[in-house]
Amino acid sequence: MVHEIATYADGKILEWKWSSNSPLMPKLFWTSCYLVDQLLIDCGAPGSVEEMNAFLTSLPPDQVPTQCFLTHAHEDHVGTGSLLVDKWHIPVYAPPESIERLLQGWSYRAYRKITWGETGVIGFSANPYPGDTLSTEHYSFHILPLPGHAPDLYGLIEQDQGWAFVGDLLQPQYQQLFGRGLYNPIDPVSEDIQILRNPWRNCMNSPRESRRFRSSWHISRFIKTGKSFAFG
Ligand SMILES: [Zn+2]
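All of these numbers come straight from a predicted model, not from anything done at the bench.

### Considerations on the overall build of the chain
Phase 1 of the analysis: Regarding its fold elements, the chain presents eight helices and twelve strands.
Phase 2 of the analysis: Taking all 232 residues of the chain together, 38% fall into the buried category.
Phase 3 of the analysis: Summarising the internal contacts of the chain: among those between residues at least 6 apart in sequence, 55% fall at separations of at least 24.

The structure is reproduced here in structure tokens:
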């Protein structure tokens, strides 16, 4: 297994990346989680439990997560939930529509076990999001529904900082973090908006793609205006 750590925004955001290094995989498939102000955003794949435990153990006490936010219930984003809840007693917040599924846990096909771990998702008790916002000591995040990649995908937007944590919303790039001073500028979101405005291109997109672009538009609009809207 391989893992890497990177920091952004003058060290305010820490990215923890993990990948299996099975020889059966043609390349590394990374999954990321982010630690900002003792808030952990997503928690890696089931196969990363040992490395996640070592990472948490290595943190100074004032940086250990006090809460975890899951963007969506795919195995590469929720895989160490049972470790967080049962061993570290860290409350985990998850999409309300996925609470029951997370409690049960699930297995997945063999090729995904090679990538994300043999155990499957071990069930754990998550809490529904506390409301439309989530606060840390220094930041306030808005929780926005961003369906497209997954029906239960939600993003975290820190409007004052201009940060957007968007899970796997913007495939195929798999970029998960956008904003001022970060390695991913907000421009790709703006490009999606241009495509959204092109009716010909929009017609050719699948409904799933249309939802993805609409979600991108939602983020950009929210950062600029602070106004949200309801998804139909
Ligand atoms: Zn996903």
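And the narrative resumes.
### With respect to the environment of Leu56
Phase 1 of the analysis: Secondary-structure assignment places Leu56 in helix H1 (residues 49-58).
Phase 2 of the analysis: For Leu56, a count of 20 C-beta atoms within 10 Å puts it in the buried group.
Phase 3 of the analysis: Spatially, the C-alpha atom of Leu56 lies 9.5 Å from that of Leu84, the residues being 28 residues apart in sequence.

### As for the environment of Glu137
Phase 1 of the analysis: Locating Glu137 in the fold gives a position in the loop between strand E8 (133-135) and strand E9 (140-145).
Phase 2 of the analysis: In this structure Glu137 comes out as exposed when scored by C-beta crowding, with 9 C-beta atoms within 10 Å.
Phase 3 of the analysis: Residues Glu137 and Asp37, 100 residues apart in the sequence, show an inter-C-alpha distance of 6.6 Å.

### Regarding the sheet that holds strand E4 (residues 39-41)
Phase 1 of the analysis: If you walk across this open sheet you meet the seven strands as E1-E2-E3-E4-E5-E6-E7, and the pairing is mixed. Either end of the sheet is taken by a strand with one partner, and the two such strands are strand E1 (2-8) and strand E7 (127-128).
Phase 2 of the analysis: Of the strand pairs in this sheet, strand E2 (residues 13-19) and strand E3 (residues 31-36) are connected by six bridges, and their pairing is antiparallel. Residue pairing for E3: Trp18 is matched across the bridge by Thr31.

### Quick look at H1
Residue pairs spaced three or four apart in an α-helix point in one direction, given the helix's 3.6 residues per turn.
Phase 1 of the analysis: Inspection of H1 places Val49, Met52 and Leu56 among the buried residues, and these make up the whole buried set. In a view along the axis of H1, the buried residues occupy a sector of 65°, so they form one face of it. The outward face of H1, more than 90 degrees from its buried face, is lined by the exposed residues Glu50, Ala54, Thr57 and Ser58.

### Some words on unusual backbone geometry
Phase 1 of the analysis: The phi torsion at Asp37 lies on the positive side, around 55°, for a residue other than glycine.
Phase 2 of the analysis: Secondary-structure assignment places Asp37 in the loop between E3 and E4.
Phase 3 of the analysis: Looking at Asp37, the number of C-beta atoms within 10 Å reads 17, which means it is partly exposed.
Phase 4 of the analysis: Phi at Asp42 is positive, roughly 65°, even though this residue is not glycine.
Phase 5 of the analysis: Mapped onto the elements, Asp42 comes out in the loop between E4 and H1.

### Observations regarding the confidence of the model for the chain
Phase 1 of the analysis: With 73% of its residues at a pLDDT of 70 or more, the chain shows a mean pLDDT of 83.
Phase 2 of the analysis: Throughout residues 196-205 the model reports pLDDT below 50, and contacts reaching past four residues in sequence, or to other chains, amount to seven contacts.

### Observations concerning the pairing of E2
Phase 1 of the analysis: Taking burial as the measure, the seven residues of E2 include five buried ones, the bulk of the element.
Phase 2 of the analysis: Here E1 pairs with E2 via seven bridges, running antiparallel. Note on E2: the bridge partner recorded for Glu4 is Lys17.
Phase 3 of the analysis: In textbook terms, the turn of a hairpin is the stretch between consecutive antiparallel strands, and for E1 and E2 this stretch comprises four residues, one of which, Ala9, has a positive phi near 50°.

The rules we used
What you see as residue numbers is a count from 1 along each chain, following the sequence as written. The model is predicted, so local features are restricted to residues of pLDDT at least 70 and side-chain atom pairs to those at 80 or more, both for listing and for counting; the totals for chains, interfaces and linings are taken over all residues. Secondary structure elements follow DSSP: runs of H or I of four or more residues count as helices, runs of E of two or more count as strands, with numbering from the N terminus. The burial label depends on the number of other C-beta atoms within 10 Å of a residue's C-beta. Counts of 20 or more mean buried, 12 or fewer mean exposed, and intermediate counts mean partly exposed, with C-beta atoms placed from the backbone. Residue pairs are scored as contacts if the distance between their C-beta atoms, which are placed from the backbone, is within 7 Å. Criterion used throughout: strands pair if DSSP finds at least two bridges between them. This arc is built from the directions going out from the helix axis to the C-beta atoms. Residue-level confidence of the predictor is what pLDDT reports, using numbers from 0 through 100.

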